[in-house]
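# Geometric and topological summary
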Amino acid sequence: MLAKSLKPVEWVGSSRKDMKAMPEDVQDTFGFALYLAQLGEKHPGAKPMKGFTGAGVLEIVEDYSSDTYRAVYTVRFADAIYVLHVFQKKSKRGIATPKEEIEKIKARLKIAQLMHRGKRSKHHE
């Protein structure tokens, strides 16, 4: 059996620092989800993020000690997994992701696209 090669994980903005500030159990869950994404597989708890149709944006939600944490990443690009945003959901009303978090994810998706293009142009020089 051939070993699958792992896609690298690229952290956009403060996503890596934000994840390291979370409880260890939450980090473990998110880390495992990212590992599966690196293999081209999907964590059972990962779901497509609403409002990002076709962008390959997935979110994983983890409840820990009455708090809710989310990691958002994209598998759209062939060369890497881009972690767009990792945050603790503060809003207590409804399950919707707050607008400011959605805006941050959209901005970071654009950054990931630029990072991806930069990698591709280096390979074609």
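Read on for an overview of the structure. (Residues numbered from 1 in each chain as written. Predicted model: local features only at pLDDT ≥ 70, side-chain atom pairs only at ≥ 80, totals over all residues. Heavy atoms only, no water.)

### So, the side chain of His-116
Position of His-116 relative to the elements: it lies in helix H3 (residues 99-123). If sequence neighbours within four positions are ignored, His-116 has contacts with Phe-77, Ala-78, Asp-79 and Tyr-82. (Helix = DSSP H or I, 4+ residues; strand = E, 2+ residues; numbered from the N terminus. Contact = heavy atoms within 4.5 Å.)

### A look at the environment of Glu-10
Here Glu-10 shows up in strand S1 (residues 9-11). By relative accessible area, which is 21% here, Glu-10 ends up partly exposed. Through-space distance from the C-alpha of Glu-10 to that of Met-115 is 8.9 Å; in sequence the pair is 105 residues apart. Setting aside anything within four residues of it in sequence, one finds Glu-10 in contact with Ala-80, Ile-81, Tyr-82, Val-83, Met-115 and Lys-119. (Buried < 20%, exposed > 50% of the residue type's maximum accessible area, 1.4 Å probe, protein only.)

### Side note on the sheet that holds strand S4 (residues 67-74)
Spatially, the 5 strands line up as an open sheet ordered S1-S5-S4-S3-S2, and their pairing is mixed. If you trace the sheet from one side to the other, it starts and ends with S1 and strand S2 (46-48), each paired once. Neighbour-to-neighbour, the strand axes of this sheet turn through a mean angle of 35°, independent of strand direction. Across 3 bridges, the pairing between S2 and strand S3 (residues 57-64) is antiparallel. Following the sheet pairing, Ala-46 is matched in S3 by Ile-60. Seen against the sheet, helix H2 (residues 24-38) touches S1, S3, S4 and strand S5 (81-89) and runs at an angle of roughly 155° to S3. (Pairing = 2+ DSSP bridges. Axes fitted to C-alpha atoms, helices over the stretch in contact; angles between N-to-C directions.)

### Thoughts on the packing of aromatic side chains
Evaluated as defined, the whole model comprises 2 aromatic pairs. Centre to centre, the rings of Phe-32 and Tyr-35 are 6.5 Å apart; their planes meet at 25°, and the pair counts as stacked. Taken together, the positions of Phe-32 and Tyr-35, both in helix H2 and 3 residues apart, correspond to about one turn of that helix. By relative accessible area, which is 43% here, Phe-32 ends up partly exposed. The exposure class assigned to Tyr-35 is partly exposed, which follows from its relative accessible area of 38%. Residues Phe-77 and Tyr-82 carry aromatic rings whose centres are separated by 5.5 Å and whose planes lie at 85° to one another, so their mutual orientation is edge-to-face. Summarising the burial analysis for this pair, Phe-77 and Tyr-82 share the class buried. (Phe/Tyr/Trp six-rings, centres within 6.5 Å; stacked < 30°, edge-to-face > 60°.)

### Focus: the pairing of S3
Bridge analysis of S3 against S4 gives 8 bridges, and the strand direction is antiparallel. Its bridge partner lying in S4, Glu-59 is registered against Val-72. The hairpin formed by S3 and S4 contains 2 residues between the paired strands, and Ser-65 there has a positive phi angle of roughly 50°.

### Focus: the side chain of Gln-38
Residue position: Gln-38 is located in helix H2. The class for Gln-38 is buried, based on a relative accessible area of 15%. Setting aside residues up to four positions removed in sequence, Gln-38 forms contacts with Ser-5, Leu-6, Lys-7, Pro-8, Val-9 and Ile-81.

### Observations concerning H2
An α-helical turn contains 3.6 residues, so a residue and the one three or four places further along point in the same direction. With 15 residues, H2 extends 20 Å from end C-alpha to end C-alpha; this agrees with the ideal 21 Å at 1.5 Å per step. Those residues of H2 not exposed but buried are Val-26, Thr-29, Phe-30, Ala-33, Leu-34, Leu-36, Ala-37 and Gln-38. Close packing links the buried residues of H2 with S1, helix H1 (15-20), S3, S4 and S5. A positive backbone phi angle near 85° is found at Gly-40, which sits one or two residues after H2. (Expected span 1.5 Å × (residues − 1).)

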